[in-house]
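Breakdown of the fold
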Amino acid sequence: MAFKLGKETRKINSPYDTPIFRGKPSNGALGEANNDGSIVIDSNIPVNSTKFKRAVKHEMQHAMDMKTGRADYGENWVMWEGNIYIRKLINGVPHIDGPAGRLPDGHPDHPWEQVAIQAENL
């Protein structure tokens, strides 16, 4: 079991090299891939549910894209296929000026999200 100060986080055994933790991803997302190679899936999603499995596949794709250098991110930027896109907070909502235009973070029209959405169904 792993933990973070201030709130408990449980680790899920994964057949991948990617540690899967339960917790509260940022910005109300179902999951979140981290630069350290781990992913966090919302603790309110039942582990054996289809929703959980899809969220893991989605975030696993993001993790793989980061591991292979296809994607990366920082607090104020996102990198996709060698191009840097700037994050902006607009009316309290994080947006990214990406190749599909200025869209909210996590929007399905961002190309990195399209790849991860396709991975959900594999």
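In this report, we go over the structure that sits alongside the text. None of these values were measured; they are calculated from a predicted model. (Residues numbered from 1 in each chain as written. Predicted model: local features only at pLDDT ≥ 70, side-chain atom pairs only at ≥ 80, totals over all residues. Heavy atoms only, no water.)

The two faces of a sheet get side chains in turn, since along a regular strand they alternate between them. Alternating positions in strand β6 (residues 39-42) separate into two faces, Ile39 and Ile41 on one and Val40 and Asp42 on the other, with burial throughout. Where strand β4 (residues 20-23) and β6 come together, 4 bridges link them in parallel fashion. Counterpart to Gly23 in the pairing with β6 is Asp42. In sequence, strand β5 (residues 31-33) turns back onto β6 through a hairpin of 5 residues, with Gly37 there showing a positive phi of about 95°. (Buried < 20%, exposed > 50% of the residue type's maximum accessible area, 1.4 Å probe, protein only. Helix = DSSP H or I, 4+ residues; strand = E, 2+ residues; numbered from the N terminus. Pairing = 2+ DSSP bridges.)

In this section: the nonpolar core. Counting 18 residues, the largest nonpolar core has Ile20, Ile39, Ile41, Val56, Trp80 and Trp112 as the members making the most contacts within it. Only β6, α1 (50-67), β8 (77-80) and α2 (111-120) provide two or more residues apiece to this core. Take this core: its biggest share by element is 6 residues, from α1. In this structure, Val56 is in contact with Ile20, Ile39 and Ile41, ignoring residues within four places of it in sequence. (Core = buried A, V, L, I, M, F, W, Y, C linked by side-chain atoms within 4.5 Å. Contact = heavy atoms within 4.5 Å.)

Below, the discussion takes up the pattern of salt bridges. For the coordinates displayed, the defined rule picks out 7 salt bridges. With a shortest N-O distance of 2.7 Å, Glu120 and Arg54 are connected by a salt bridge. Linking Glu120 in helix α2 with Arg54 in helix α1, this pair joins segments that are 66 residues apart in sequence. Given a relative accessible area of 35%, Arg54 falls into the partly exposed group. Between Arg102 and Asp97 there is a salt bridge, and its shortest N-O distance comes to 2.6 Å. What emerges from the salt-bridge pattern is a single network uniting Asp65, Arg70 and Glu81. (Salt bridge = Lys/Arg side-chain N within 4 Å of Asp/Glu carboxyl O.)

Pairing analysis gives 4 bridges linking strand β7 (residues 71-74) to β8, with the strands arranged antiparallel. The residue of β8 that forms the bridge with Ala71 is Trp80. What sits between the antiparallel neighbours β7 and β8 is a turn of 2 residues.

The next point concerns the sheet that holds strand β9 (residues 83-90). Pairing is antiparallel in the open sheet, where 5 strands are placed in the order β7-β8-β9-β10-β11. Of all strands in the sheet, those bounded by a partner on one side alone are β7 and β11 (101-104). Averaged over all adjacent pairs, the angle separating strand axes in this sheet is 25°, with direction ignored. (Axes fitted to C-alpha atoms, helices over the stretch in contact; angles between N-to-C directions.)

All chains considered together, the criterion is met by 2 aromatic pairs. Seen in terms of ring centroids, Tyr85 and Trp112 are 6.0 Å apart; in terms of plane orientation they differ by 35°. Their pairing is tilted. Here the residue Tyr85 occupies a position in strand β9, and Trp112 occupies one in helix α2, the gap between them amounting to 27 residues. In this structure, Tyr85 and Trp112 share a single accessibility class: buried. Taken together, the ring pairs in this structure connect Trp80, Tyr85 and Trp112 into an aromatic cluster. (Phe/Tyr/Trp six-rings, centres within 6.5 Å; stacked < 30°, edge-to-face > 60°.)

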